[in-house]
Number of protein chains: 2
Amino acid sequence: MDYKLLDGKAVAAQIKQELTEEVSRIKAAGGKTPHLAAILVGHDGGSETYVAGKVKTCKEIGFQSTLIRYEDDVTEEELLRKVDELNRDADVDGFIVQLPLPPHISEQKVIEAVDYRKDVDGFHPVNMGRMAVGLPCFLSATPAGILELLKRYEIETKGKHCVVLGRSNIVGKPVAMMMMQKSYPGDCTVTICHSRSQNLKEMCLSADIIIAALGVPEFVKADMVKEGAVVVDVGTTRLPSSVTRSGYKLTGDVKFDEVAPKCSYITPVPGGVGPMTIISLMRNTLLAGKQLIP
Amino acid sequence: MDYKLLDGKAVAAQIKQELTEEVSRIKAAGGKTPHLAAILVGHDGGSETYVAGKVKTCKEIGFQSTLIRYEDDVTEEELLRKVDELNRDADVDGFIVQLPLPPHISEQKVIEAVDYRKDVDGFHPVNMGRMAVGLPCFLSATPAGILELLKRYEIETKGKHCVVLGRSNIVGKPVAMMMMQKSYPGDCTVTICHSRSQNLKEMCLSADIIIAALGVPEFVKADMVKEGAVVVDVGTTRLPSSVTRSGYKLTGDVKFDEVAPKCSYITPVPGGVGPMTIISLMRNTLLAGKQLIP
């Protein structure tokens, strides 16, 4: 089959342009410059890259950004104090705490400490709940990016069978909830599979759309994918590599070379879901700045 | 097949006994009597029955209960004022606003006005979101009742395929989220089907567990059910009847007579999920009284 790439990089660039124009208009009208703050703990390679990408994108779009760094040994108390400070800082429209956090800090506690009205990552239970019942909220960034990508490529979703691999709180569960809503993209029959699923292969074979978010490199093989399926790969595992300058290679949950020929559409890794996640964060920050979420 | 009934009435009676003993102990120790309030608007037959059942069960268990009635023409403002009053009433541990409400009142607005710490129906987005991420919360009463029923009958769920029919905010979505959690009952591969689903019949045929919550009388037929499946019927449509004294007959979403012989376990209607829903509400009220939900 002649597959098409779901080119997240290109779509993100286009949305970035749209956001840049909107920010210019806001500023020209004397409005407030949207301001995103990010807290980064430690020096995890992936986290460094992601946060750097977010700060860079803010600059390109015309947002203000603030990066707050802590070493690995920051206490939970100190981190929560900073969260509280950002909650009360009227100039900061939205902020994120880059995950993962060191094991001595409870991620869930930190997520819940963020004022949900500044929770541009969409991780707070209030935003999760509002999303689940279809109310205005900050949509979890990666799932929102995936839906936007499907939308820009006009992928048909109504009544289709969407299989989500993985039940994490930040991708699997929210993307499943979003794909079942009575809207476009959405209106799918949704199946959530995970490590305990029996007949996972058969389930994938019946899928019109597969969203792979297990974090297991090259888990989805050609014999698990129906001819003509749409495949979205959320995986970004860093595997050691001798051919890249960085010494590692980002590897998705899908064995791209053998799966792609069976697909109608497929995301590449990198350049698929990743850039869309950052752009969703920017959209949420703009929403936060406009105070459009109650 | 020799099917067994999932006898909600019997299980609810057993739990009622457990709750009664616990309330006695609390009172004997000088603790506060749990207090449930219910707001009933209008005179819908179903709502009258449900609320009367809740008040009666409170009395039997030893809870205090308060019933607040309004006519159909109550304004949204007046209703919201009462909700606010109950939120602030320290003696009321939990309360419910019986749905449906008249069309001039926004149900969603009322649901969100209830303090989530007194939301013993588990409808508030905060409770939905906390449930979705697996945090302590008031579990939505009907889904919690269904899981408790599966638990008391020791139904195996891990890795099984659970098909949920219907995506309502009060049954379909929350029961799907609960059945996919890494816990027992749960750990299922979960598929949510709805009115837009293609291949709904095939999906049902692959299900080990079917939870039917569409509100379409006798929608699930024998040719949609796999031999040995577990079938839970949430439907309670009132159909006119010339043989009952009340003039109507509660009809489930499952064509019981033809489906039951294929099942390992099946709930009857009435006497299945209904009594479990009321008992879940009582458990939530007890939790509220103990202030165990943060």
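Residues numbered from 1 in each chain as written. Chains lettered and ligands numbered in written order. Predicted model: local features only at pLDDT ≥ 70, side-chain atom pairs only at ≥ 80, totals over all residues.

1. Some details on the domain arrangement of chain A
- Taken domain by domain, chain A comprises domain 1 (31-115) and domain 2 (141-273).
- One C-alpha centre belongs to domain 1 of chain A, the other to domain 2 of chain A; they are set 27 Å apart. (Domains from an automatic or database assignment.)

2. Structural notes on the relation of the copies chain A and chain B
- Placing chain A over chain B gives an RMSD of 0.0 Å and needs a rotation angle of 180°, together with 0.0 Å of translation along the axis. These values place the two chain copies in the arrangement generated by a two-fold rotation axis.
- Most of the interface of chain A is mirrored in chain B, where 100% of its interface residues again form contacts. (Least-squares fit on C-alpha atoms with pLDDT ≥ 70 in both. Contact = placed C-beta atoms within 7 Å.)

3. Details of the environment of Gly134(A)
Residue and element names in this part refer to chain A.
- Assignment of secondary structure puts Gly-134 in the loop between helix H5 (125-132) and helix H6 (141-152).
- Take Gly-134: there are 17 C-beta atoms within 10 Å of it, and that puts it in the partly exposed class.
- Note: C-alpha distance between Gly-134 and Met-177 (43 residues apart in sequence) is 9.2 Å. (Helix = DSSP H or I, 4+ residues; strand = E, 2+ residues; numbered from the N terminus. Buried ≥ 20, exposed ≤ 12 C-beta atoms within 10 Å, placed from the backbone.)

4. Observations regarding the pairing of strand S7 (residues 209-212) of chain B
Residue and element names in this part refer to chain B.
- Because side chains alternate across S7, one face comprises the buried residues Ile-209 and Ile-211, and the other comprises Ile-210 and Ala-212, equally buried.
- Bridging between strand S5 (residues 161-165) and S7 involves 4 bridges; their strand directions are parallel. Counted as the bridge partner of Val-164 is Ile-211 from S7.
- Note: S7 against strand S8 (residues 229-233), 4 bridges, orientation parallel. Paired with Ala-212 across the strands is Asp-233, a residue of S8. (Pairing = 2+ DSSP bridges.)

5. Looking at the interface of chain A and chain B
- In this complex, chain A contributes 26 residues to the contact, which on the side of chain B involves 26 residues.
- Looking at the side of chain A that touches chain B, the elements that each hand over two or more residues are H5, helix H7 (172-180) and strand S6 (189-193) of chain A.
- Sort the elements by how many residues they give to the side of chain A that touches chain B and H5(A) lands first, with 6 residues.
- The residue inventory of the side of chain A that touches chain B, partitioned by class, reads 11 nonpolar, 9 polar and 6 charged. (Nonpolar A, V, L, I, M, F, W, Y, C, P; charged D, E, K, R; others polar.)

6. Some words on the environment of Pro217(B)
Residues and elements named next belong to chain B.
- With respect to the helices and strands, the residue Pro-217 is situated in the loop between S7 and S8.
- Residue Pro-217 is classed as partly exposed on the basis of its C-beta count, with 18 C-beta atoms lying within 10 Å.
- For Pro-217 and Asp-253, which are 36 residues apart along the polypeptide, the C-alpha to C-alpha distance reads 4.5 Å.
- Contacts of Pro-217, omitting those with residues within four sequence positions, involve Gly-235, Thr-237, Leu-239, Thr-251 and Asp-253.

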